[in-house]
Amino acid sequence: MSETSHKHPDGNPTPEQPKWRQDFPIETGQDEYVSRRDFAKFLVLTSGAMAAGQVCIIGQSMARRDEGPPEELAIARDDEIGVGQVVRFDYPHPDEPCLLARLDDGKLLAFGQKCTHLDCAVTPDLPNRKFVCPCHHGYFDALTGQPLAGPPRRPLPRIMLEVRDGVIYATGVELQT
Ligand code: FES
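The notes below deal with the structure included here. (Residues numbered from 1 in each chain as written. Predicted model: local features only at pLDDT ≥ 70, side-chain atom pairs only at ≥ 80, totals over all residues.)

Notes on the pairing of strand E4 (residues 108-112)
Consideration 1: Across five bridges, the pairing between strand E3 (residues 97-102) and E4 is antiparallel. Bridge pairing in E4 links Ala 101 to Leu 109.
Consideration 2: Linking two consecutive strands that pair antiparallel, namely E3 and E4, is a turn of five residues; a positive phi of about 90° is found at Gly 106 within it. (Pairing = 2+ DSSP bridges. Helix = DSSP H or I, 4+ residues; strand = E, 2+ residues; numbered from the N terminus.)

Some points on the pairing of strand E9 (residues 158-164)
Consideration 1: Note that E9 and strand E10 (residues 167-174) share seven bridges and pair antiparallel. Bridge pairing in E10 places Leu 161 opposite Ala 170.
Consideration 2: From the end of E9 to the start of E10, which pair antiparallel, there are two residues, and Asp 165 there has a positive phi angle of about 50°.

A look at the sheet that holds strand E6 (residues 130-133)
Consideration 1: As summarised here, the arrangement of the four strands in space is E5-E6-E7-E8, forming an open sheet in which the pairing is antiparallel. Strands with a single pairing partner mark the edges of an open sheet, and in this sheet they are strand E5 (123-125) and strand E8 (147-149). Averaged over all pairs of adjacent strands, the angle between strand axes in this sheet comes to 35°, irrespective of strand direction.
Consideration 2: As judged from the four bridges shared by E6 and strand E7 (residues 138-141), these two strands associate in the antiparallel manner. Each bridged residue has a counterpart across the sheet, and for Cys 133 the counterpart in E7 is Gly 138. (Axes fitted to C-alpha atoms, helices over the stretch in contact; angles between N-to-C directions.)

Regarding unusual backbone geometry
Consideration 1: Here the amide bond leading from Tyr 91 into Pro 92 is cis, since omega sits at -5°, within 30 degrees of zero.
Consideration 2: Along the chain, the position of Pro 92 falls in the loop between strand E2 (86-90) and E3.
Consideration 3: For Asp 119, which is not a glycine, the phi torsion comes out positive at approximately 75°.
Consideration 4: When you line up the elements, Asp 119 lands in the loop between E4 and E5.
Consideration 5: Of note, Arg 129 is a non-glycine position whose phi angle comes to about 55°, a positive value.
Consideration 6: You can see Arg 129 is positioned in the loop between E5 and E6.

Quick look at the structure:
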C-alpha cells in the first residue's frame with residue numbers, strides 16, 4: 001500500500017495529514033502486528049545470542065578445568081572464628097564467593113555461596129543449621145550443603161579445608177551430587 005493511498009481516520013491523503021502521522025503512518029490496530037518474518041528474525045537472533053552465551057560459559061569452564069587443581073588459599077586464623085561466626089571468601093577464583101562457618105560443636109565447614117538454583121547468594125542461618133537463599137526461598141543443610149526445600153535440586157559445592165599452624169586453608173572444591 002503506497003503512502004498516498006493509505007487510509008487515514010479522517011479520510012484525507014497522507015500529504016494532508018499532520019507531520020506526526022506522516023512520520024509514523026501506522027494505525028493503532030497495526031501497531032502490535034508483527035510479521036512472521038520479523039518474528040522469525042527475532043527468534044534467530046535471540047537463539048543465536050543464547051547459543052553464543054552457552055558456548056562462552058562452556059569455554060570458560062573448560063579453560064578452568066585445564067588450569068588443574070586449585071591452589072590453596074589461607075582464609076583466616078583458626079582462633080579468629082568463634083562459634084556461630086561466618087567468614088566470606090572467594091575460592092578458587094575471585095568471582096566465586098564462599099562461606100566458612102564454625103558450627104556450635106566447633107566444627108568448621110565451608111561451601112560455595114552461589115545458590116544452585118539461579119546463583120543468588122545464600123546467607124547463613126546457623127542457629128537452624130541452614131543456608132537460606134532469599135531469591136526463591138531455597139534452603140540448604142549447613143552440615144552437608146544438601147538442598148532441603150525450595151527450587152534448588154543440587155547441593156552447594158563443598159570447600160575442602162585444612163588447619164595448619166593455626167591457619168585455615170581452602171584446599172579444593174568438591175562438587176557434590
Ligand atoms: S536462586 Fe536460590 S532459590 Fe532460586
